[in-house]
Every structure is written in structure tokens, then in C-alpha cells.
Amino acid sequence: VIFNSCYSLVAELIDALEASTRAGEESVSEKRDRVSRWLSIKKSVSTPWMWSDWTKRRMAIKSALGLGLASLWVSVPYLRGVAHPNSIWPGLTVASVNLDTTGAAFQKCIDRLWGTLIAAAFSLIIGRFVSPGDHVAKILAIGAFTFGAIFLRNTKRPYAYNYAASSLGSILYGSLDIKVEIDDYVPNRIMLIFIGIVTFLFVEFLVFPRSSRTVVQAKSIQFFEDAEQFLFEARKVVDSIHLLYLRDDNAAENIETRLMEDPLWMLRQGQKQMTHLAGGLLGSSEIAKKTVSEATAEIEPGISEPNLGLGVALDAVGYRSLLREQEKCLAQFPILISSIQSLMGYYANLDRAAPVRSLHWPLILSGILSKSVHQLSTCCDGLRAVFPNGLCRPTSGRSTASITKAIATFRDFEDIRLLSLTEWSKRHKTYLDSIKTTGRGVEFAPGFRLTLALAVSSTLEICRCLQTCGEHLEMIVTSFPK
């Protein structure tokens with residue numbers, strides 16, 4: 001990438017210099033072409049370099065180093081003689097299995113080697129029973145083998161089947177083109193592909209190690225701190241709702257008319273208020289979303305990542321269930337944000353003397369959020385105590401029982417949910433009793449009680465998801481070594 005960029009830049013500079021030294025008068029179109037060429041150079045120079053992206057930088061360096069080592073089988077005479085006439089196979093293998101994540105690359109290495117062995121075994125059988133000049137039998141054998149490989153292909157890991165199907169033809173006819181017997185060609189091919197895999201794994205594991213397993217272990221714990229920050233920001237915004245009021249008394253008469261014409265009018269009013277009152281809430285939601293997306297992208301490579309006895313393998317069932325539950329929890333964030341937006345719109349268009357203010361519904365919602373934040377803070381403190389490095393893995397001096405005890409605090413979210421429902425029902429009962437006493441109720445704008453219900457429901461669902469996440473964490477801990 002760097003070479004191509006530099007080559008293109010130098011070529012453009014040469015063209016620009018030649019154009020600038022061109023003698024004679026230039027037409028308008030020629031001047032326009034010269035200006036556009038300089039603008040193109042300026043744009044190329046001002047483009048941000050990808051070197052600052054660690055993922056791209058790591059991929060480029062490990063590709064260059066891996067192919068450099070594999071090219072020794074072409075450039076060193078002795079190695080070229082050993083690998084003749086297929087000395088490029090180690091380099092082709094390194095280029096084929098080179099992926100961003102260690103787990104995915106290791107899985108592709110295994111698939112490539114497995115496909116090679118299957119095709120090699122079948123080609124040896126064909127070589128035993130079919131004469132070298134019987135092309136009809138070879139073509140029929142290749143067709144039948146390809147059909148079987150594609151028909152039985154695993155859609156989740158298709159590379160081994162595809163490579164086995166493509167390798168059979170190259171073995172049967174590649175050996176014929178270079179006048180080498182199949183019995184001699186097959187071991188050499190297997191050896192060179194194995195050498196390419198070993199070369200790549202050497203660079204991947206020892207020179208530029210990157211663990212998808214570590215990313216999943218870190219992000220699955222980080223999500224709870226992100227969720228705590230989100231709930232904290234939500235509580236701050238809800239606490240400020242009662243401070244909003246209609247500053248123009250003349251506009252109160254038009255509210256009902258506007259709501260009849262556009263039921264979402266107050267929601268839009270709330271979205272305007274969110275711009276300067278809840279920037280932290282929107283930002284914390286995006287951070288939590290990014291955390292879950294990064295963990296989801298790394299979960300399958302992390303499960304496929306080899307253990308080598310140096311760490312703890314990921315509990316596939318436990319982590320998949322945990323990430324699914326975290327995604328469900330994350331799905332409630334925009335619902336809660338929209339509900340808060342709508343509440344802000346309602347209260348921003350009520351005057352200070354509006355009867356609905358005496359019910360203090362936002363304070364009840366704030367209380368539920370406050371208890372949820374406090375409980376999640378307790379859970380995060382426990383996680384930091386048993387996982388001081390921020391990774392969901394065993395630590396020295398911590399038994400499985402002590403880790404499970406710290407995680408068990410997530411079970412208390414059930415009490416938070418029940419207590420919140422009790423407080424909400426009591427407040428609603430008080431409201432109903434006031435109607436019986438006074439003989440009249442408080443008039444609500446359309447959708448007001450539905451908005452309150454959505455806000456409370458989404459908060460309680462977040463609590464339920466966090467409780468279930470704790471159960472999945474306990475399942476993951478049971479997979480730790482005793």
C-alpha cells in the first residue's frame with residue numbers, strides 16, 4: 001500500500017513538472033487539466049495516512065514479514081532445490097491464510113491443511129487405479145469429487161471444501177504438466193503448504209500477537225461500566241425534567257391544537273431540548289453500542305483461537321449467551337432515550353401551575369434509575385475486585401467461589417425491579433385515590449401516560465437483562481480451571 005501510494009505520488013509529480021515546463025501557449029482546456037492535476041496532487045498529499053490505524057499497520061507489517069520469510073524458498077538456491085518445482089507454494093499459503101484476527105486466520109490454516117489432505121488422499125487413489133493418460137476418468141473423478149465437496153460443504157466454514165475441490169484438479173494435472181508422478185507430487189505439496197502455515201503462525205503468534213479472545217474478555221466486562229454511565233446520564237437528564245416549563249403563556253392555548261394536528265409534536269420539542277441537556281446520554285449510548293459491536297465481531301474468531309495451554313479458552317455457549325443478552329439490553333437504550341425526549345417535550349410545554357406537575361412522575365422514574373445505577377455500580381465494583389486487569393479470566397489468588405460470589409450481586413436486580421414496581425403502583429394508587437376524593441382527575445396530553453410506561457418499562461427491562469447477564473457470567477466462571 002505504501003509502495004503504491006509513493007509510486008502514484010511520484011508519477012503525478014513527474015507529470016505535473018512536465019506540464020509546467022511545456023513551452024508555448026496553452027489552451028483553456030490544457031490549463032484546466034494542469035490545475036486539476038495539481039489539485040489531485042494536493043488531495044493525495046493531504047489524505048490521512050493509514051499508518052495511524054493499528055489494525056491496518058499490523059496487517060501490512062505481518063503480511064510483508066510473512067511473505068518475506070516464505071520468499072526464501074524461491075530466493076535461496078538450496079531451499080529452491082528442495083521445493084522445486086513448487087517453491088512458490090509457501091508464499092501462496094501465507095497470502096491465502098493471512099487475516100486480521102488470529103482466531104479466523106488459525107481456523108483458515110486448519111481448513112487449508114485439511115482440504116489439502118483430503119484432495120491429496122483422493123488423488124492418490126485416482127493415481128493407483130487410473131492410468132496417467134486416461135483424461136476421461138480423471139475429469140469424471142474431478143467432477144464427482146467437486147460435486148460431493150460442494151454438496152457436503154459447511155456454510156459456516158466453506159473454505160476447506162472449496163479448497164479441496166480446487167486442489168484435486170491442480171494435483172492431477174499440475175503433476176502432469178511438470179512431468180512428476182502423483183506419488184512424488186502429493187507429499188511435496190503437503191510439505192510446502194505445511195511450511196507456509198508454520199511460517200504464517202510463527203509471525204502471527206510470536207512476532208505480532210493479537211488475541212480475539214482477550215478482546216471478548218475485556219469488552220464483555222467493559223459493557224457493564226458503559227451501561228452504568230448510560231443509566232447515570234439518564235438519571236441526570238430525568239432529574240432536570242421538572243425544571244422545564246412553558247415560558248410563553250400565550251402559546252399554551254395552541255398546544256392542544258398542535259397535538260391534534262401532529263401527535264409527535266412534543267417529541268420533536270423534546271429532541272430540541274436534548275441537544276443541550278443530554279449530550280452525555282447520547283454519547284454514552286454510542287459508547288456502549290461500540291463496545292458490544294466490537295465484542296460481537298471478535299466472538300467467533302476468539303472461540304476458534306487456539307489455546308496452546310497458555311490461557312483459558314472461551315466458553316462458547318456462555319459468551320454467546322452473554323453477548324446476546326447485552327444486545328437485548330442495548331436495544332432498550334434508544335427506547336429509554338426516546339421516552340425521555342418525549343417527557344422533556346411535554347414538560348417544556350407545560351406552565352408552572354399545570355396540575356400534572358403535582359404528581360411528580362419524573363421523580364419516580366428518577367428514583368428507579370437511581371436504584372439501578374447504584375446496584376450496577378456495586379456489581380461493577382465486584383467485577384473490578386475479582387478481575388483487576390479488566391479481563392474475564394481467572395486471576396491469581398482468586399478462587400472460583402470468590403468470583404462467583406462477586407458476580408452474584410447481579411441477582412439483586414430482581415429486588416430492584418420488584419421495589420420499583422411497588423413504588424410505581426403506590427404512586428398510581430395515590431393518584432386514583434385523589435380522583436375518588438376530589439371527583440376529578442388530572443388531564444394529560446395525548447400519549448403522556450404511554451410515554452411514562454415506556455420509560456419505566458425500558459428501565460425495568462434493562463435491569464432484567466443485567467440480571468440475566470450475571471447468570472451468564474456465573475456460567476462462564478464455572479468453565480474456569482478449578
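Note that this is a predicted model, so its numbers are computed, not measured.

Definitions and limits used
Residues numbered from 1 in each chain as written. Predicted model: local features only at pLDDT ≥ 70, side-chain atom pairs only at ≥ 80, totals over all residues. Heavy atoms only, no water. Helix = DSSP H or I, 4+ residues; strand = E, 2+ residues; numbered from the N terminus. Buried < 20%, exposed > 50% of the residue type's maximum accessible area, 1.4 Å probe, protein only. Contact = heavy atoms within 4.5 Å. Areas by Shrake-Rupley, 256 points an atom, 1.4 Å probe, with all protein chains shown as cover. Core = buried A, V, L, I, M, F, W, Y, C linked by side-chain atoms within 4.5 Å. Patch = residues over 30% accessible without salt bridge, like charges linked within 9 Å, V, L, I, M, F, W, Y side chains within 5 Å. Salt bridge = Lys/Arg side-chain N within 4 Å of Asp/Glu carboxyl O. Lys, Arg positive; Asp, Glu negative; His and termini not counted. Charge placed at Lys NZ, Arg CZ, Asp CG, Glu CD. Expected span 1.5 Å × (residues − 1). Arc of directions from axis to C-beta. Polar contact = N/O pair within 3.5 Å; in protein donor to acceptor, adjacent residues only side chain to side chain. Axes fitted to C-alpha atoms, helices over the stretch in contact; angles between N-to-C directions. Parallel < 35°, antiparallel > 145°, perpendicular 65-115°, else oblique. Phe/Tyr/Trp six-rings, centres within 6.5 Å; stacked < 30°, edge-to-face > 60°. Lys NZ or Arg CZ within 6 Å of the ring centre and 35° of its normal. Left-handed = near helix turned anticlockwise from the far one by under 90°. Nonpolar A, V, L, I, M, F, W, Y, C, P; charged D, E, K, R; others polar.

1. A look at the overall build of the protein
Here is step 1 of the chain: Per the secondary structure count, the protein includes 19 helices and zero strands.
Here is step 2 of the chain: A total of 482 residues make up the protein; the buried ones form 41% of that total.
Here is step 3 of the chain: Considering only contacts in the protein between residues 6 or more positions apart, those separated by 24 or more positions represent 81%.
Here is step 4 of the chain: Carbon and sulfur atoms provide 61% of the accessible area of the protein, an area that totals close to 25800 Å².

2. Re the nonpolar core
Here is step 1 of the chain: With 67 residues, the main nonpolar core has Phe224, Ile340, Leu376, Phe410 and Leu473 as its most contacted residues.
Here is step 2 of the chain: Of all the secondary-structure elements, those providing two or more residues to this core are α11 (212–239), α14 (279–304), α15 (316–348), α16 (361–386), α17 (400–407), α18 (413–438) and α19 (448–477).
Here is step 3 of the chain: Look past the residues within four positions of Phe410 in its chain and what remains in contact with it is Phe224, Leu376, Cys379, Leu383, Leu466, Gln467, Gly470 and Leu473.
Here is step 4 of the chain: In terms of nonpolar packing, the next biggest core, distinct from the first, is built from 29 residues, Ala105, Val130, Leu172 and Ile193 among them.

3. Re a negative patch on the surface
Here is step 1 of the chain: Taken together, Asp412, Glu414, Asp415 and Glu471 make up a surface patch of like negative charges.
Here is step 2 of the chain: When you line up the elements, Asp412 lands in the loop between α17 and α18.
Here is step 3 of the chain: Note on Asp412: relative accessible area 33%, which makes it partly exposed.

4. What about helix α8 (residues 135–151)?
Here is step 1 of the chain: Across its 17 residues, α8 extends 24 Å between first and last C-alpha, which sits within 8% of the 24 Å expected from 1.5 Å per residue.
Here is step 2 of the chain: Along α8, the residues that are buried comprise Lys138, Ala141, Ile142, Phe145 and Ala149. One side of α8 carries all its buried residues, which in axial view fall inside an arc of 100°. Relative to its buried face, α8 has exposed residues pointing more than 90 degrees away, namely Val136, Ile139, Leu140, Ala144, Phe147 and Phe151.

5. Quick word on α11
Side chains that are three or four residues apart share a direction in an α-helix, a result of its 3.6 residues per turn.
Here is step 1 of the chain: Over its 28 residues, α11 extends 40 Å from the first C-alpha to the last, a length consistent with the 40 Å expected when each residue adds 1.5 Å.
Here is step 2 of the chain: The N-capping residue of α11, defined by a side-chain oxygen 3.3 Å from the backbone nitrogen of Arg213, is Ser211.

6. Some details on the side chain of Gln332
Here is step 1 of the chain: Its location among the elements puts Gln332 in helix α15.
Here is step 2 of the chain: When residues no more than four places from it in sequence are discounted, the contact partners of Gln332 are Ser458, Glu461 and Ile462.

7. Details of the packing of helix α6 (residues 89–97) against helix α7 (residues 102–129)
Here is step 1 of the chain: The contact between α6 and α7 brings their axes to 9 Å, and the two run at 135°. By the angle between their axes, α6 is oblique relative to α7. Where α6 approaches α7, its residues Trp89, Leu92, Thr93, Ser96 and Val97 are matched on the opposing element by Ala105, Lys108, Cys109 and Arg112.

8. Some remarks on the pattern of salt bridges
Side-chain pairs of opposite charge can arise where the charged atoms are in close proximity.
Here is step 1 of the chain: Under the definition given, this model contains 13 salt bridges.
Here is step 2 of the chain: The residue Lys62 makes a salt bridge to Glu204 at a minimum N-O spacing of 2.6 Å. Here the residue Lys62 occupies a position in helix α3 (residues 54–70), and Glu204 occupies one in helix α10 (residues 182–207), the gap between them amounting to 142 residues. By the burial criterion, Lys62 is buried, and Glu204 matches it.

9. Notes on the packing of aromatic side chains
Here is step 1 of the chain: Tallying each qualifying case throughout the model produces seven aromatic pairs.
Here is step 2 of the chain: Ring centres 5.8 Å apart and planes at 15° place the aromatic pair Phe147 and Phe151 in the stacked group. Residue Phe147 and its partner Phe151 are located together in helix α8, separated by four residues, close to a single helical turn. For the pair formed by Phe147 and Phe151, the shared burial category is exposed.
Here is step 3 of the chain: Put simply, the rings of Phe223, Phe224, Phe410 and Phe413 pair up and form one aromatic cluster.
Here is step 4 of the chain: In this structure, Lys108 is placed above the aromatic ring of Tyr159, and the distance from its NZ or CZ to the ring centre is 4.7 Å.

10. With respect to the environment of Ser170
Here is step 1 of the chain: Looking at the secondary structure, you find Ser170 in helix α9 (residues 159–177).
Here is step 2 of the chain: The partly exposed category is assigned to Ser170, whose relative accessible area is 26%.
Here is step 3 of the chain: Between the C-alpha atom of Ser170 and that of Ala119, which follows or precedes it by 51 residues, the distance is 9.7 Å.
Here is step 4 of the chain: Here Ser167 takes part through its backbone oxygen, which lies 2.8 Å from a polar atom of the side chain of Ser170.
Here is step 5 of the chain: Polar side-chain contacts of Ser170 include one of 3.3 Å to the side chain of Arg189.

11. Quick look at the packing of α11 against α16
Here is step 1 of the chain: Two elements in contact, α11 and α16, have axes whose closest approach is 9 Å; the angle formed by their N-to-C orientations is 155°. For the element pair α11 / α16, the angle class is roughly antiparallel. Between α11 and α16 the crossing geometry is left-handed. Of α16, the residues touching α11 (which contributes Ile221, Phe224, Glu225, Ala227, Glu228, Leu231, Phe232, Ala234, Arg235, Val238 and Asp239) are Pro362, Leu365, Ser366, Leu369, Ser370, Ser372, Val373, Leu376, Ser377, Cys380, Leu383 and Arg384.
Here is step 2 of the chain: A breakdown of the residues in the contact of α11 with α16 according to their chemical character gives 14 nonpolar, four polar and five charged.

12. Describing the environment of Arg112
Here is step 1 of the chain: Topologically, Arg112 is positioned in helix α7.
Here is step 2 of the chain: In sequence terms Arg112 and Ala164 are 52 residues apart; their C-alpha atoms lie 8.0 Å from each other.
Here is step 3 of the chain: Excluding residues within four positions of it along the chain, Arg112 makes contact with Trp89, Leu92, Thr93, Ser96, Val97, Tyr159, Tyr163 and Ile193.

13. Concerning the side chain of Gln217
Here is step 1 of the chain: Looking at the secondary structure, you find Gln217 in helix α11.
Here is step 2 of the chain: Setting aside chain neighbours within four positions, we find Gln217 in contact with Val312, Leu314, Tyr319, Gly390, Leu391, Cys392 and Arg393.

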